[in-house]
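Single-letter residue listing:
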Amino acid sequence: MDAWEIIKMISGSKKRTPTVSYVKGDTSRMKFPGCVKVFKCEEFAIIFGDLDDVEKFRRMNEELIDDILVEIRARNSALPLADLSKYNARIEPGAIIRDMVQIGDGAVIMMGAVINVGAVIGERTMVDMNAVIGGRAIIGRNCHIGAGAVVAGVIEPPSAKPVVIEDNVMIGANAVILEGVRIGKNSVVAAGAVVIDDVPENTVVAGVPAKILKKVDEKTMEKTRMVDELRDMGDEG
């Protein structure tokens with residue numbers, strides 16, 4: 001996605017504060033705003049809605065409410081989280097994926113991974129635990145983004161080029177890929193490396209800042225081999 005397109009979408013969106021509210025009282029007599037979702041019995045209700053609507057509900061029913069607990073899930077959020085049902089991928093609990101993210105078939109998103117708006121994750125790519133994929137980053141097919149790695153986002157400044165990681169790339173744990181960098185296909189970025197320049201195809205880099213160590217050879221390929229079984233979603237795929 002174009003950075004200005006995302007900026008316009010965020011700036012023009014209605015900012016929302018989504019909440020879940022637990023209400024105790026005479027719910028049979030309570031009035032609920034039409035814009036909230038309510039699940040209730042005679043003396044208890046659970047309300048899903050924006051904070052402004054919940055406050056409106058509270059004012060409308062003050063005398064009927066015995067107790068209320070309001071849990072705020074976000075504050076003045078410009079974009080919702082993605083609808084995970086649209087992806088044919090394995091997405092583990094605790095992953096945070098913003099709307100307008102593309103995830104290819106058979107990809108794996110592990111616990112704690114964060115993927116920001118406009119990012120693209122290729123088919124059968126794994127984003128490991130606590131990795132951060134910044135806005136507009138483009139990651140190819142059959143890649144592995146190691147635990148704790150950071151792929152820089154470039155929504156701001158809008159003139160910056162997004163990170164591009166081509167197919168069959170292994171990014172080691174806690175590596176950092178800075179904005180505008182392109183990692184060529186079949187390459188390996190060592191754990192903890194900070195990549196500030198483009199990496200050619202079939203190349204191993206390491207260090208801070210990352211430097212070329214060697215070309216990918218059979219030994220490197222064996223050490224960084226992807227495991228197809230981890231991407232197998234079984235009959236549901």
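This text follows the structure it describes.
Now for a description of the structure that goes with this document.

Reading the values: the criteria
- Residues numbered from 1 in each chain as written.
- Predicted model: local features only at pLDDT ≥ 70, side-chain atom pairs only at ≥ 80, totals over all residues.
- Heavy atoms only, no water.
- Salt bridge = Lys/Arg side-chain N within 4 Å of Asp/Glu carboxyl O.
- Buried < 20%, exposed > 50% of the residue type's maximum accessible area, 1.4 Å probe, protein only.
- Helix = DSSP H or I, 4+ residues; strand = E, 2+ residues; numbered from the N terminus.
- Pairing = 2+ DSSP bridges.

## With respect to the pattern of salt bridges
Applying the stated rule across the entire model yields 8 salt bridges. Between Arg90 and Glu92 there is a salt bridge whose closest N-O contact spans 2.6 Å. Take Arg90: its relative accessible area is 22%, and that puts it in the partly exposed class. Its relative accessible area of 23% is what places Glu92 among the partly exposed residues. The partner of Arg141 in a salt bridge is Glu123, and the shortest N-O contact between them spans 3.4 Å. Remark: Glu123 occurs in the loop between β10 (120-121) and β11 (126-127) and Arg141 occurs in the loop between β13 (138-139) and β14 (144-145); sequence separation between them is 18 residues.

## Quick notes on the sheet that holds strand β19 (residues 182-183)
On the basis of which strands lie adjacent, the open sheet formed by 5 strands has the order β7-β10-β13-β16-β19 and parallel pairing. If you trace the sheet from one side to the other, it starts and ends with β7 (102-103) and β19, each paired once. Sheet topology places β10 next to β13; 2 bridges connect them, and they run parallel. In the sheet register, Val120 faces β13, and the bridge partner there is Ile138.

## Description of the sheet that holds strand β9 (residues 114-115)
What the 6 strands build is an open sheet, ordered β6-β9-β12-β15-β18-β21; its pairing is parallel. Both outer strands of the open sheet, β6 (96-97) and β21 (194-195), are each paired with one neighbouring strand and no more. Where strand β12 (residues 132-133) lies against strand β15 (residues 150-151), 2 bridges are found, and the strand directions are parallel. Each bridged residue has a counterpart across the sheet, and for Ile133 the counterpart in β15 is Val151.

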